[in-house]
Amino acid sequence: MTPRTSNGKSNDVVLDVREVSVDYGGVHAVDDVSFTAKKGEIIGFIGPNGAGKTTLFDAICGFVSSERGRIELEGRDITGLNPTERARSGLGRSFQDARLFSSLTVFETLACAFERHTKHQGAVSTMLQPLTWWVRRRENKISERADEIIDLMGLTAFRDKFINELSTGSRRVVDLACVIAHEPSVLLLDEPSSGMAQKETEAMGPLLQRVKETTGCTMLLIEHDMPLVTSVSDELIALETGRLVVRGQPRDVTNDPRVVSAYLGTDERVVARSGMIRTDTVRKRVNAKSKAKPRAKKPAVKPKAAPRKAVKKPTGTTKSS
Ligand SMILES: Nc1ncnc2c1ncn2[C@@H]1O[C@H](COP(=O)(O)OP(=O)(O)O)[C@@H](O)[C@H]1O
Ligand SMILES: [Mg+2]
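Calculation notes
- Residues numbered from 1 in each chain as written.
- Chains lettered and ligands numbered in written order.
- Predicted model: local features only at pLDDT ≥ 70, side-chain atom pairs only at ≥ 80, totals over all residues.
- Helix = DSSP H or I, 4+ residues; strand = E, 2+ residues; numbered from the N terminus.
- Pairing = 2+ DSSP bridges.
- Axes fitted to C-alpha atoms, helices over the stretch in contact; angles between N-to-C directions.
- Contact = placed C-beta atoms within 7 Å.
- pLDDT = per-residue confidence, 0-100.

Draft legend 1. Representation of unusual backbone geometry within the structure. Although it is not a glycine, Asp32 sits at a positive phi angle of roughly 60 degrees. Inspection of the secondary structure assignment puts Asp32 in strand β2 (residues 27-38). A positive phi angle, close to 50 degrees, is found at Glu74, a residue other than glycine. Mapped onto the secondary structure, Glu74 falls in the loop between β4 (68-73) and β5 (76-77).

Here is the structure:
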């Protein structure tokens, strides 16, 4: 596979999302969101459930129509295009659940993914297929590229295994490989680690870095696994109730009080226990708070609840009808 850029990163804006809004009835699922993504950049999207992350990806890929806004891919306005046209323009999307044919092997799955993106042949050459040398050459090319991507994704040991023999994590990697076969300029990944075992999640970070370095594509990544998303992303965007709250370096975003409170509420002790914000910062704040307002000592023994007073029912007042 040919790298698109020498260092995998340049200053070119590949995706420009401007003031995009999506409403579901009365719910503002995405509310006036704008951001840009540069070539070879990985942007992580975080936010609590229902923040609008998936809907934003759906709006970018054209699976839901946006009420307002404009989306440009490599300088071209794609707002009016349908999902297939957007995919052909260079948007690749993976979903939360990998949908693959269970009776194909990994190699066959990848070969099909490449086949879909090669030029269709005419009816005559299809009939003459077994005889024509150019068809054989094309098939060899597909097979070579399928093996290249199997190697890139670390799937060599599973090459001839059927999809239904693979773990959820490996199926997700195959699904991701199929999207990469399309050679997208922007790859949108919705929770690639969901349903994965801890070990597979840990391997996902280096895998995404390898894909970025080899293909040079830009990645937008929705991910709940904080160690994964903070380690792999160049920048994070935090969403809450459909709005973009903050964008910046992973460390700054995860330490931003608005992000912390969106995830964990405002109780600083809960925050400290979560490990999301630097514990020294939290500890200082907690200590300062405790000095300012000494908390009442917790009683060692839980006081017994006061016995409930029996409520006397009024007697002899009921009229019989
Ligand atoms: N198909 C739908 N119909 C109605 N409301 C939806 C639909 N999909 C998502 N929503 C609502 O839009 C908001 C954003 O959802 P979503 O984009 O799935 O959030 P996230 O991916 O951040 O968890 C939520 O309030 C959700 O209930
Ligand atoms: Mg989602």
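Draft legend 2. Summary view of the sheet that holds strand β7 (residues 186-190). An order of β6-β7-β8-β3-β9-β10 is seen for the six strands of this open sheet, with the pairing classed as mixed. Where the open sheet ends on each side, the last strands, each with one partner, are β6 (91-94) and β10 (243-248). Adjacent strand axes in the sheet meet at a mean angle of 20 degrees when their direction is disregarded. Strands in contact with helix α6 (residues 168-181) are β6 and β7; relative to β6, the strand with the most contacts, it is inclined by about 170 degrees.

Draft legend 3. Structural context of the confidence of the model for the chain. Predicted confidence across the chain gives a mean pLDDT of 80, with 70% of residues reaching 70 or more. Contacts of residues 1-10 to residues separated by more than four positions or lying in other chains number 21 contacts, the stretch itself having pLDDT below 50. Counting contacts from residues 292-321, a segment whose pLDDT is below 50, to residues more than four positions away or on other chains yields one contact.

Draft legend 4. Inspection of the sheet that holds strand β1 (residues 13-24) at higher detail. Taken in spatial order, the four strands of this open sheet run β2-β1-β4-β5, and their pairing is antiparallel. Both edges of this open sheet fall to β2 and β5, since each of them pairs with a single strand only. Pairing geometry for β4 and β5, over two bridges, is antiparallel. Paired with Leu73 across the strands is Arg76, a residue of β5. Here helix α1 (residues 53-61) sits on the sheet in contact with β1, β2 and β4, set at roughly 65 degrees to β2.

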